[in-house]
Amino acid sequence: MKKRVAILISGGGSNMEALLEAMTDPDHAAEPCLVVSNRPEAGGIAKARARGVATEIVDHKAFADKQAFETALAATLDAHTPDIICLAGFMRLLSAEFVTRFETQILNIHPSLLPAYKGLNTHARALADGVAIHGCTVHVVTPELDTGPILGQSAVFVRPDDTPDTLAARVLTQEHRLYPAVLARFATGDFTPLSLFPDRV
Ligand code: GRF
């Protein structure tokens, strides 16, 4: 039986697309069961539908508070019985109660080499600090933001002429390599951290 994967998005869903493409491999240990967006206008929804994946919108603005939103989100997820939940450009902070409810099943991709640069604006902060190496991390989601066990990292060399946008673009390319590679292993029950070496550029 393949593991059932639900993917949560908020925007364009480029990481979602990379995960869906990887799961078209018949030998993949997982298959997509649902794509959920908290934003009705997320471009990723159309991309998921085009691939025949079930989609749901749980609009966080339609709920009185975070708890009501998360109750609806949990119910939507439960209806599709996921074994793994992948956050992919999902921009809502999930409560400790929600994360604990889906214990160890939630993965996230974060655009930095954690534990460095938790939170937002990671590329601008990395450039401001003058780091030589930057990248992305896939980790298990725990109640504390961007802190769970690391499942994989991919690195890029920072260039002298980099701007936050050029650096983000190179990191995003690595995200699209890393997340599918980590999910493929995680779905087999292999939690060994995966390191993809810096690009040679
Ligand atoms: C990516 O930079 C990812 O690291 C962050 O959200 C951004 C957009 O992701 N979590 P996507 O294109 O919507 O997958």
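As shown above, the structure is provided for reference.
Residues numbered from 1 in each chain as written. Predicted model: local features only at pLDDT ≥ 70, side-chain atom pairs only at ≥ 80, totals over all residues. Heavy atoms only, no water.

Here's the deal with the sheet that holds strand 2 (residues 30–37)
Spatial ordering of the open sheet is given by 3-2-1-4-5-6-7-8, a layout of eight strands whose pairing is mixed. Whereas interior strands pair on both sides, the edge strands pair on one side only; in this sheet they are strand 3 (55–57) and strand 8 (194–196). The average angle at which neighbouring strand axes cross in this sheet is 20°, direction not considered. Pairing analysis gives three bridges linking strand 2 to strand 3, with the strands arranged parallel. (Pairing = 2+ DSSP bridges. Helix = DSSP H or I, 4+ residues; strand = E, 2+ residues; numbered from the N terminus. Axes fitted to C-alpha atoms, helices over the stretch in contact; angles between N-to-C directions.)

Thoughts on the nonpolar core
Residues Ile7, Cys86 and Leu107 are the most contacted members of the largest nonpolar core, which totals 34 residues. For this core, the element with the highest residue contribution is helix 6 (residues 164–186), accounting for seven residues. Not counting residues up to four positions away in its chain, the partners in contact with isoleucine 7 are Met16, Leu19, Leu20, Met23, Leu34, Val35, Val36, Cys86 and Ala88. Of all hydrophobic cores here, the second largest spans 20 residues; its members include Leu34, Ala72, Ala74 and Ile106. (Core = buried A, V, L, I, M, F, W, Y, C linked by side-chain atoms within 4.5 Å. Buried < 20%, exposed > 50% of the residue type's maximum accessible area, 1.4 Å probe, protein only. Contact = heavy atoms within 4.5 Å.)

Focus on empty space enclosed by the protein
On inspection of all chains with the given rule, the structure shows one cavity of 30 Å³ or more. For the largest cavity, the calculated volume is near 30 Å³. In this structure, the largest cavity is lined by Leu151, Val182, Arg185, Phe186, Asp190, Thr192 and Leu194. Broken down by element, the residue count for the lining of the largest cavity peaks at three residues, all from helix 6. Of the residues assigned to the lining of the largest cavity, the class counts are four nonpolar, one polar and two charged. (1 Å grid on protein atoms, 1.4 Å probe; cavity = no way out; pocket = protein on both sides within 12 Å on 5 of 7 lines; lining within 4 Å. Points joined across faces, edges and corners; volume = space filled by probe spheres on them. Nonpolar A, V, L, I, M, F, W, Y, C, P; charged D, E, K, R; others polar.)

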